[in-house]
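Each chain is listed here by its residues.
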Amino acid sequence: MRGLPPVLITAIVLVAGFALCAVQFPNIASTRVVGNLLTDNAFLGIVAIGMTFVIISGGIDLSVGSVIGFTTVFVALAIERWGVPPLVAFVAVLALSAAFGAAMGAVIHVFDLPPFIVTLAGMFLARGASFLLSTESVPITAPIYSTVSDFALRLPGGGRLTAIAIIMLVIVLGGALLLHLTRFGANVYALGGSRSTASLMGVAVGKMTVKIYMLSSLLAGIAGIVFSFYTSAGYSLSAVGVELDTIAAVVIGGTLLTGGQGSVIGTFLGVLIQGLIQTYINFDGTLSSWWTKIATGVLLFAFIALQQGLVALARRPVARSAGAAS
Amino acid sequence: MENSLDPAPPLLEVCGISKSFGAVRALQEVDFTLRAGEIHALLGENGAGKSTLIKVITGVFPRDGGIVRLGGEEVAPRSAKAALQAGIATVYQEVNLLPNLSVAQNLFLDRQPMRFGIVREAEMRRRAKALLAGFGLDIDVAAPLGSYSVAVQHVTAIARAVDLSARVLILDEPTASLDRHEVDILFGIMRQLAGRGIGIVFVSHFLDQVYEISDRITVLRNGRLVGERETASLPRLELIRMMLGRELAETTSERASAGEHKAREVCASFENYGKAGYVAPFNLELRHGEVVGLAGLLGSGRTETARLVFGAERADRGQAKVEGASVRLQTPRDGVRLGFGYCPEERKTDGIVADLTVRENIVLALQAKRGLYLPLSRREQDEIARRYIKMLDIRPADPERPVGLLSGGNQQKVLLARWLATSPRLLVLDEPTRGIDVGAHAEIIRLIRELCDDGLALLVISSELDEIVTYSDRVVVLRDRAHVDELTGEAIDVSNILAAIAADGATVAHEGRA
């Protein structure tokens, strides 16, 4: 159905890439490597699900990297300096980020501003706020952190499915459910098709905009908490530029950057492709890790070219004979 | 037919609707009634007020005065959505649905069948299929709407509107992008809906279709109601007269005696020139010192012809010749290079640059023709501007005044001056007198005659038949995007033009129709 062909292509790229890597480094095809790949990219996967909703609705959210950074600093300070119980700190930071996203959505709708500008402002705001809290890395030593880090499901073949990987998978599933099976999801596609038409057809465009950006920021907050589990620290410079990796993953996953088409599963595959490239470079050992960016760039370009091709094909005009005088 | 419908009170009753935009009165005291189960055509030329009336009824524009009653109760929707909820649905030529969603989602957006917060996709598709089956459509409702033809999209839009319990269905130019077979399907559906008691307003400029489908016709002109008639008892000629506002008996004004025009040199000729889906191939000769008028109803292919002649649109067949030699004419640049000029109909958007001064507007085309590397000196510019301001009597005679501050007639003169400055051989004028007051009107007509006497070839489009008759040496009549007739010499008068426009596809006689 909708968005399937691009998703299929993404899946083929992932499988082919994995096969190629496995030929060169047979060890890659192990549950251990796959488990690590999921763990390493857990935060990226979570934030990319939110970005998928935003982009399908015809918008963009540049603030997510900064929200992740802010979250890690806030959580670290709350637990280590202010003595707040970790769970309370989590709830507080999620409420903060959700409110932040809702505010951006409201500004976009009420003042009819381009999401690019509003979320760019949000990006500076959140990053600035995290620097205000602390400019140095704050290590987190709370017991819950070691508990969560130690928790993992054993996979056959020695791999570990960590807690944060599980969180990511649950959110991917939940996101897919929300996007593809609910009225909310249908409205997200409707907004991406045309805001004015969706409004004429009865969709509450304003409420939807607020909810979509709220969801994106909320997921960025969860990604921030996951990131703090991953690094056991809060640092105001963490996740710089992650918004761009996220957008890349979404687009490689077959979501149309202009909105209206895309899928959660595609985004998940897009995240895995980026993780796979990173893993390959780690295995190779001689390549600079910046090759990840170069490979991502090439893939991104290829996918956008492909989408444009598909769109152009769909818009091919139908020739009609001139109406002769009857 | 006339009496069987009468006893029922009107389904939709519009009384004394007025609407102004600034100083322009778009609608003045317009009445309109729609009965349950009838198909009612709403007709009028460009600017007659059809769109404004629809938008006022559906609440897109607030109205200045008047009332709208639906089923006897007064309604005042404040948005298209509110009108829809009240039972008035509009389907525009540009289908207002979402091409990226499935057909089923489009039909049920925001009212999908749900269970436990999950859309019941299978149930929704089943209902969508059943709904469309009622319209004779058997398609895969899970496929994106955009993958289907415009006709299917129209039917989907109508199905959605009707399913939202519409009692009044307004179809604005629904057939403009459909082929004959699709039109038949649409008409079948319209008849079926009318049979169910839904009142349908049908806006179209295809008169054949209006006669085929409608029960009654309401004609608007210049924002006023001209009349409401039974279709069956309204001859086509009478209808066109209502739309164009001309009495057949009206005498033609004094014409410059033509006759020797055959002897004139051919400036440009077009053989079997046309573009598929745009204008049917035509033959056209334009001679020096001659005005050719293009007459026809809105949408008959007048502007399209003008754009092909100038090169604003690329022809896909036929041959253009200038002074006897074959030429390449594919872009406006080619047109300018060949010495053609074009004053488009939409003066404000396609013609003048409102913020620039009169002088800058006048030298624009000449500078473009000379190229960037041969700038006109300020002295030359002043000289040119002064010459044309004097020649065309542009007022106020201030070359440094922004054109946006001039009256419509003077803006038109500035446009004329712009092309005259390039010393063209052929000038195409699309509705040169639209929106100009009466005095300026006469002056523009005088200018057209003068330019012609100076040896220029002119191709002029106008909806004002009197006007065309006054200055044209030949009149080409268009209908349904094809050139159907050419009148010359004594044959040029309003009644002959009307007869040619109204001719029902059969032979066209020039003599004595009245």
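Calculation rules
Residues numbered from 1 in each chain as written. Chains lettered and ligands numbered in written order. Predicted model: local features only at pLDDT ≥ 70, side-chain atom pairs only at ≥ 80, totals over all residues. Heavy atoms only, no water. pLDDT = per-residue confidence, 0-100. Contact = heavy atoms within 4.5 Å. UniProt positions renumbered as here; feature names shortened; annotations may be inferred. Helix = DSSP H or I, 4+ residues; strand = E, 2+ residues; numbered from the N terminus. Salt bridge = Lys/Arg side-chain N within 4 Å of Asp/Glu carboxyl O. Buried < 20%, exposed > 50% of the residue type's maximum accessible area, 1.4 Å probe, protein only. Pairing = 2+ DSSP bridges. Axes fitted to C-alpha atoms, helices over the stretch in contact; angles between N-to-C directions. Core = buried A, V, L, I, M, F, W, Y, C linked by side-chain atoms within 4.5 Å. Buried area = accessible area lost by both parts, 1.4 Å probe. Polar contact = N/O pair within 3.5 Å; in protein donor to acceptor, adjacent residues only side chain to side chain. Nonpolar A, V, L, I, M, F, W, Y, C, P; charged D, E, K, R; others polar.

Residues and elements named next belong to chain B. In this model, chain B carries an average pLDDT of 82, and 90% of its residues clear a pLDDT of 70 or more. In this model, residues 1–5 is a region of pLDDT below 50 whose contacts with residues beyond four sequence positions or in other chains number six contacts. A low-confidence stretch, residues 256–262 stays under pLDDT 50, and its non-local contacts, those more than four residues away or across chains, total seven contacts.

Moving on to the UniProt feature "transmembrane region" (unreviewed entry) in chain A. Residue and element names in this part refer to chain A. Taken from the UniProt record, the annotation "transmembrane region" (unreviewed entry) applies to residues 6–25, 37–56, 62–80, 87–111, 161–182, 212–230 and 294–314. End C-alpha to end C-alpha, residues 6–25 measures 28 Å, and it is 95% helix and 0% strand. For the annotated span residues 37–56, helix accounts for 95% and strand for 0% of the residues, and the straight-line distance between the end C-alpha atoms is 26 Å.

Quick look at the pattern of salt bridges now. Residues and elements named next belong to chain B. As enumerated under the stated definition, the model contains 33 salt bridges over all chains in all. Between Asp316 and Arg317 there is a salt bridge whose closest N-O contact spans 3.5 Å. We classify Asp316 as partly exposed; its relative accessible area is 46%. Through salt bridges that share partners, Glu285, Arg287, Glu290, Arg474 and Glu486 make up one connected network.

What follows is about the environment of Arg81 of chain A. Residue and element names in this part refer to chain A. If you trace the backbone, Arg81 turns up in the loop between helix H4 (64–80) and helix H5 (86–110). Relative accessible area serves as the criterion here: at 55%, Arg81 is assigned to the exposed category. Sequence separation between Arg81 and Phe18 is 63 residues, and the spatial gap between their C-alpha atoms is 44 Å. When sequence neighbours within four positions are dropped, the list of residues in contact with Arg81 reads Ala76 and Val138.

Residues and elements named next belong to chain B. Pairing is mixed in the open sheet, where six strands are placed in the order E18-E19-E20-E15-E21-E22. If you trace the sheet from one side to the other, it starts and ends with strand E18 (340–343) and strand E22 (482–488), each paired once. Pairwise comparison of adjacent strand axes, ignoring direction, gives a mean angle of 20° for this sheet. As judged from the five bridges shared by strand E15 (residues 290–296) and strand E20 (residues 457–461), these two strands associate in the parallel manner. Considered in E20, the bridge of Val292 is made with Leu459. Where helix H14 (residues 408–420) meets the sheet, its contacts fall on E18 and strand E19 (426–430), and the angle it forms with E18 comes to roughly 165°. Of the strands in this sheet, E15, strand E21 (474–479) and E22 are in contact with helix H17 (residues 494–502), which crosses E21 at around 25°.

Looking now at the sheet that holds strand E11 (residues 216–221) of chain B. All names here are of chain B. Overall, mixed pairing links the six strands, which are arranged E6-E9-E10-E3-E11-E12 in an open sheet. In this open sheet, the two strands that pair with only one neighbour each are strand E6 (88–91) and strand E12 (224–230). Adjacent strand axes in the sheet meet at a mean angle of 20° when their direction is disregarded. Strand direction decides the pairing type here: strand E9 (residues 168–172) and strand E10 (residues 199–203), joined by five bridges, are parallel.

Once that is clear, we can look at the nonpolar core. Residues and elements named next belong to chain B. Ranked by size, the top nonpolar core spans 232 residues in total, and within it Leu169, Phe270, Leu458 and Ile497 carry the most contacts. Look past the residues within four positions of Phe270 in its chain and what remains in contact with it is Phe282, Asn283, Leu284, Leu286, Val309, Gln319, Ala320 and Leu329. Leu53, Ile57, Leu70 and Val201 belong to the second-largest nonpolar core, a separate cluster that totals 24 residues.

Once that is clear, we can look at the interface of chain B and chain A. Taken together, the contact between chain B and chain A spans 37 residues of the former and 28 residues of the latter. For the chain B and chain A pair, buried surface summed over both sides reaches about 2,600 Å², with 56% attributable to carbon and sulfur atoms. For the pair chain B and chain A, the number of links is zero salt bridges. Applying the counting criterion to the chain B and chain A interface returns five residue pairs in polar contact (both at pLDDT 80 or more). No other element matches the three residues that helix H2 (residues 80–86) of chain B contributes to the side of chain B that touches chain A. Looking at side-chain class alone, the side of chain B that touches chain A contains 16 nonpolar, nine polar and twelve charged residues.

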